[in-house]
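Single-letter residue listing:
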Amino acid sequence: MAVVIPVFNSMPYLRELLDSLEAQDMDPELFEVIAVDDGSTDRGGKLLDAYAARLPNMRLIRQHNSGWPGKPRNVGINASLSDYVFFCDADDLLGPESLRRMVEFADAHDVDVLAPKLVGIGGRRVAATLFASTLVDAPLRTILGTLSPQKMIRRELLEEHGIRFPEGKVRLEDGMMLTRCYLASRRNAILADYDYYFIRTRQVGANISSGRAEPEGYTESVSTIARIIKDGHPDPAFADQLVLDLYRRKALRFYVPARYRAMSTDRQRRWVAAHSQFVREHIPPELEADLGFPFLQRSRLVRNEDAAGLLQLAGTEEQLRATCRAAEPNPNGLELRFGLQPSAGFATVRLLAQVRGAETMRAFDLRTDGQEYVLDSPAQKFAGVENVLADLFVELEIDGVRGPLRRVAAPDAGLPLELDGTRVYSTVNGNLSIDRR
């Protein structure tokens, strides 16, 4: 295995990475460390010299600053002699068993591209659900959910298909490269049985490519990945779904209410204009219809370049995520009351009973007395939900937009309650459920 590290002004974190590589329980003769110093101007150069002199399996390559990670990574690929190449960033670190376990797994299962479990440090967020379990054959739709470069790739795959990172200042260059790898690979895998790679948000300095993204260039990079998918997958309908996933993750996330509201009016307009061009090229209305709330609503406004409408939608999204808590119940069972926070002028509020382990759902309209929402005669209404456990949710509608189901929180007192054959109780997580068994 070759561990390729692009290095540019990575102090003080670089030492932690190099220490974690020195501490690997894999025989040093079985892996090489290739550090490519991309014109660092901090003390990292001297530190690299010291480790290269001490570690017989480490090679140090120096070059003039290229300004972006793609070229130093490619230099490392070209210099490697190993069956696998693994890409590290200079401010991260690995668990001591990581390299050995990755190689053993890839050898045992004939894996071409391996995504090891990532753990965020320094406030870094990772897609924890993606690494919930090991997948020997990770579906393409799943593995495309991780486009960061921290992957182990069979070198033969890179050479056979001529795959390298785009060079120069290209946003999402790692996503372009990895998408090509995933499409060409015979087997993509996710390895989640160990904390393999600790990925950091820097508190000091800045990553090579951590500057603020410009809407036009960033969106063109997303469009490039979309074209790679369409050109590289033999099933056009499935490729469209992959592009829709990409659009949801890499474009529509910019309209998360807090993020969109924090932008200047000019940046809001620029993002909407760039994304509307992407929509015209890649997202026909019939494909867009597969999106759920709030992505469908965002996308329709993007298509119409309605930056002001997106700002209004941001407020609506927040209202539709109101917290619902049941009030202490009336022991006579005449009604159940529910409070919403924050309160808003909802057009409709419905209570839904979702049967556990089934898709069966019963809906009940709630009336309002101006302060709370009320379900009258709950014993009579729940009688139609027979011989089951069911969890209670609310569904809210405002401004013609219906929001996602929201779990109803149980009151602090008054439960469990028996209502003519229905037991209303609080779950271990503090949510409201009913037992009709």
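Residues numbered from 1 in each chain as written. Predicted model: local features only at pLDDT ≥ 70, side-chain atom pairs only at ≥ 80, totals over all residues. Heavy atoms only, no water.

A. Spotlight on the sheet that holds strand β1 (residues 2-7). Across the sheet, which stays open at both edges, the seven strands sit in the order β3-β2-β1-β4-β8-β6-β9 with mixed pairing between neighbours. Looking at the sheet topology across the chains shown, the edges are occupied by β3 (58-63) and β9 (188-191). Shown here is a sheet whose adjacent strand axes are inclined to one another by a mean of 20°, direction ignored. One ladder, built from six bridges, connects β1 with strand β2 (residues 32-38); its direction is parallel. By the bridge assignment for β2, Pro6 is matched with Val36. (Pairing = 2+ DSSP bridges. Helix = DSSP H or I, 4+ residues; strand = E, 2+ residues; numbered from the N terminus. Axes fitted to C-alpha atoms, helices over the stretch in contact; angles between N-to-C directions.)

B. Spotlight on the pattern of salt bridges. Enumeration according to the criterion identifies 46 salt bridges in this entry. Here Asp137 ties to Arg187 by a salt bridge, and the two come within 2.9 Å at their closest N and O atoms. With Asp137 in the loop between β7 (118-121) and α5 (140-143) and Arg187 in the loop between α7 (173-184) and β9, the pair connects residues that are 50 residues apart, well separated along the chain. Judged by its relative accessible area of 47%, Asp137 is partly exposed. Across the pair Glu317 and Arg298 runs a salt bridge whose closest N-O atoms are separated by 2.8 Å. Taken together, the positions of Glu317 in helix α14 (residues 307-320) and Arg298 in helix α13 (residues 295-303) put the pair 19 residues apart, joining distant regions of the chain. By relative accessible area, which is 1% here, Glu317 ends up buried. Shared partners join several salt bridges into a network, and the residues in it are Asp25, Glu97, Arg100, Arg101, Glu104 and Asp193. (Salt bridge = Lys/Arg side-chain N within 4 Å of Asp/Glu carboxyl O. Buried < 20%, exposed > 50% of the residue type's maximum accessible area, 1.4 Å probe, protein only.)

C. Summary view of unusual backbone geometry. Following Gln341, the chain continues to Pro342 via a peptide bond in cis, the omega torsion being 0°. Residues Leu415 and Pro416 are joined by a peptide bond in cis, for which omega reads 0°. Here Leu172, not a glycine, exhibits a phi torsion of approximately 60°, which is positive. With respect to the helices and strands, the residue Leu172 is situated in the loop between α6 (155-161) and α7. With a phi close to 55°, Glu305 is a non-glycine residue in the positive phi region. With respect to the helices and strands, the residue Glu305 is situated in the loop between α13 and α14. Judged by relative accessible area, which is 44%, Glu305 ranks as partly exposed.

Function-wise, these values are silent; they only describe arrangement.
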